[in-house]
Amino acid sequence: MSEPSTLFEKIWQRHVVRPETDETPAVLYVDLQLLHEVTSPQAFSELERRGLALRRPDRHLATIDHSTPTTPADKHGEYDWTTAQARIQVETLYENCEKHGIELHGWDSPNRGIVHVMGPEMGATQPGMTIVCGDSHTATHGAFGALAFGIGTTEVGHVLASQCLLQSKPKTLGIRVEGDLEPGVTPKDVILHIIGRIGVGGGTGSVIEYFGSTFRAMDMAGRMTVCNMSIECGARAGLIAPDETTFSYLQDRPKAPSGANWDAAVADWRTLKTDPGAEFDRLVEIDAAGIEPSVTWGIHPGMVMGVGGSVPDGEPDALGYMQLQAGSPLAGESVDVVFIGSCTNSRLSDLRAAAAVFRGRQVADGTRALVVPGSGLTKRQAEAEGLDEIFRAAGAEWREPGCSMCLGMNGDIAQPGELVVSTSNRNFKGRQGPGVRTVLASPLTAAASAVTGRVTDPRELPEVTP
Amino acid sequence: MSRALIESRTFNLPVKNIDTDQIIPAHFLTMTGREGLDRACFFAWRFNEDGSDKADNPLRNHDRARQQVLVTGENFGCGSSREHAPWALLDYGFRAVISSRFADIFRGNALKNGLLPITVDEAVANWLLDNPDTVVAIDIENRSLKVRGYGRFDFPMDPFSAYCLVRGIDPLDFILQGADDIRRYEESHGK
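Report follows, based on the coordinates. Here the structure is a predicted model, which means the values were calculated and not measured.

Let's talk about the sheet that holds strand β10 (residues 206-211) of chain A
Residue and element names in this part refer to chain A.
Okay, step 1: Across the sheet, 4 strands lie side by side as β11-β10-β9-β12; this open sheet has parallel pairing. Looking at the sheet topology across the chains shown, the edges are occupied by β11 (237-239) and β12 (282-287). Strand-to-strand, the axes of this sheet are offset by a mean angle of 20°, without reference to chain direction.
Okay, step 2: In the packing of helix α6 (residues 187-198) onto the sheet, contacts are made with β9 (171-178), β10 and β12, and the angle to β12 comes to roughly 125°.

Structure (structure tokens):
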């Protein structure tokens, strides 16, 4: 009988083309590379400069999401590009995909969306796969029990040419959370709490496996929210073992296996879990009952507190930038903009949570709220349920899919000094516009803050939580 | 001078957790080439919105010709995977960065572009942060950092990256030398 092994170990072993030696890293096979317009053009140029062919176009899937406007095209079909260069970048991806035979979901595709929303929705993300993308939030796909990580543009080129990556084997970090979440506490609060606990460098060099009853109880969107932010504690990837929730999400998706292949795939996927007795290099255990609705108060995602708490002392630079006083509450701070979207929190269940708050309420005077669905599919599903009407009636903007204000590349930014309560993943200085102050939060907390115009604990609004 | 041997003075940015949005803000990422990122490097630290120089720019006294080694606080390069970060640092004029910890993706991206990420113990990093404009010599082949007036230290670097840097070997060539292995893997695993 073989040694008990972790989920990570099992996926790794399945993809070793050449094992690691003392002198050289492992050559690891990549099942799927996702592409978007920002981190791919130089990789395609390098491929051409070297006269190399794209080895496996069928193992690539592309979308446009980062540089794209989130306002609809005008009556002439023209988009409101932030710069001519943004348009050129998108056109360059069109040309590269056309030339190399890559499936691209561009403007005319009903599936187009944020790369980490679209891939799972199409069923392209499957348990046991290795998935890469030139984007640090690729760990999102780990929610399906896939080993998924962000890479740089040079490595994007390696995968284009060889379908392989050089990788040294990471360490494993087990994060176990047990128990039910309190009302008003969401998967976003869980991952913010975890990052606050282990720190922004706490996962460096490691692949995280999240396990325990709290994650088992989450739907796939919640698991994606958790895995998405693994990079914010420095981890290379985050994983959750697949189960019935995973299988029922994937069944009948366009790129998922079908018929007899489906049954065989599920039988295989059931083996993808950490064996009893297998050990992680490090284990962190957390009680779900101690997790509150969480927000960031500072300038990186490890500066986390419960929304009802007081801002801690000891980081003068962060406090200065955020214009906050140590010892003061963050709740009650005036909010200029609320952003609900990004690869962290733009899926249907996130939009439903936000709509539950907006229903019958109004965005506060002096506050602007932007709701940006993660994909075309999510947008249509939300509209079929009438969520768009709830957002519009509340005075929020309902936009076209894209990364939008998470990183502001497409021109969706706030003004210097403004405070943004954002469901995205990074509160770095200037990330959402020069001088903009970002508070990361769940969709519930963000929506509650929109209707009060102040940073607000969603549990304080009647009828928001059951 | 060989890429494997750098002798230069240090320049300090004593800040922890410098993320890649600080190294190069996202609005510079719409480019489709990789040249000309000198001005983009630490843009929001150096320039006002209107493009004028910032009075409190922490790099204002940096001597680019003489200080090609950046010393920073821990967890340098966290955040986004943008390879534009090492491209910008190189275009600006840095050839190596010394820190007590680097974010994984940044370190990999830097190595692939010949920007040397040198990890040192906290004590060494702190000494350097206390002693700006120190002469250092970085020897990749022997993975050794010499700090004038303080000592000589080994630094970790995976042997393959060091080999590629010293010999000028391209990692993609190494992967493609194993094309038969890749084909066999695809056949035997039904890929």
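After that view of the structure, there is still more to cover.
Regarding the pattern of salt bridges
Okay, step 1: One pass over the full model with this rule turns up 47 salt bridges over all chains.
Okay, step 2: Put simply, K112 of chain B and E155 of chain A hold a salt bridge, and the shortest N to O gap is 3.4 Å. Of the two residues, K112 of chain B sits in helix α4 (residues 104-112) while E155 of chain A sits in helix α5 (residues 153-162), which places them in two different chains.
Okay, step 3: Given the relative accessible area of 9%, E155 of chain A is considered buried.
Okay, step 4: The shortest N-O distance in the salt bridge between D243 of chain A and R223 of chain A comes to 2.8 Å. Linking D243 of chain A in the loop between β11 and α9 (244-250) with R223 of chain A in helix α8 (residues 220-228), this pair joins segments that are 20 residues apart in sequence.
Okay, step 5: For D243 of chain A, a relative accessible area of 14% puts it in the buried group.

Overview of the interface of chain A and chain B
Okay, step 1: The partner chain B presents 46 residues to the 57 residues of chain A that form the contact.
Okay, step 2: Note on chain A versus chain B: buried area summed over both sides is about 4,300 Å², and carbon and sulfur give 57% of it.
Okay, step 3: Three residues, R18, Q42 and R50 of chain A, lead the burial of chain A against chain B; their summed loss comes to 13% of the area buried on that side.
Okay, step 4: Taken together, the links from chain A to chain B amount to 9 salt bridges.
Okay, step 5: Where D173 of chain B meets R50 of chain A, a salt bridge forms, and the shortest distance between an N and an O atom there is 2.6 Å.
Okay, step 6: Across the contact surface, chain A and chain B share 24 residue pairs in polar contact (both at pLDDT 80 or more).
Okay, step 7: When contributions to the side of chain A that touches chain B are tallied by element, the ones reaching two or more residues are β1 (16-18), β2 (26-29), α2 (41-49), α3 (84-100), α5 and β8 (164-167) of chain A.
Okay, step 8: In terms of residue class, the side of chain A that touches chain B is made up of 20 nonpolar, 22 polar and 15 charged.

Conventions we followed
Residues numbered from 1 in each chain as written. Chains lettered and ligands numbered in written order. Predicted model: local features only at pLDDT ≥ 70, side-chain atom pairs only at ≥ 80, totals over all residues. Heavy atoms only, no water. Pairing = 2+ DSSP bridges. Helix = DSSP H or I, 4+ residues; strand = E, 2+ residues; numbered from the N terminus. Axes fitted to C-alpha atoms, helices over the stretch in contact; angles between N-to-C directions. Contact = heavy atoms within 4.5 Å. Salt bridge = Lys/Arg side-chain N within 4 Å of Asp/Glu carboxyl O. Buried < 20%, exposed > 50% of the residue type's maximum accessible area, 1.4 Å probe, protein only. Buried area = accessible area lost by both parts, 1.4 Å probe. Polar contact = N/O pair within 3.5 Å; in protein donor to acceptor, adjacent residues only side chain to side chain. Nonpolar A, V, L, I, M, F, W, Y, C, P; charged D, E, K, R; others polar.

None of the figures reported here should be taken as evidence of function without further support.
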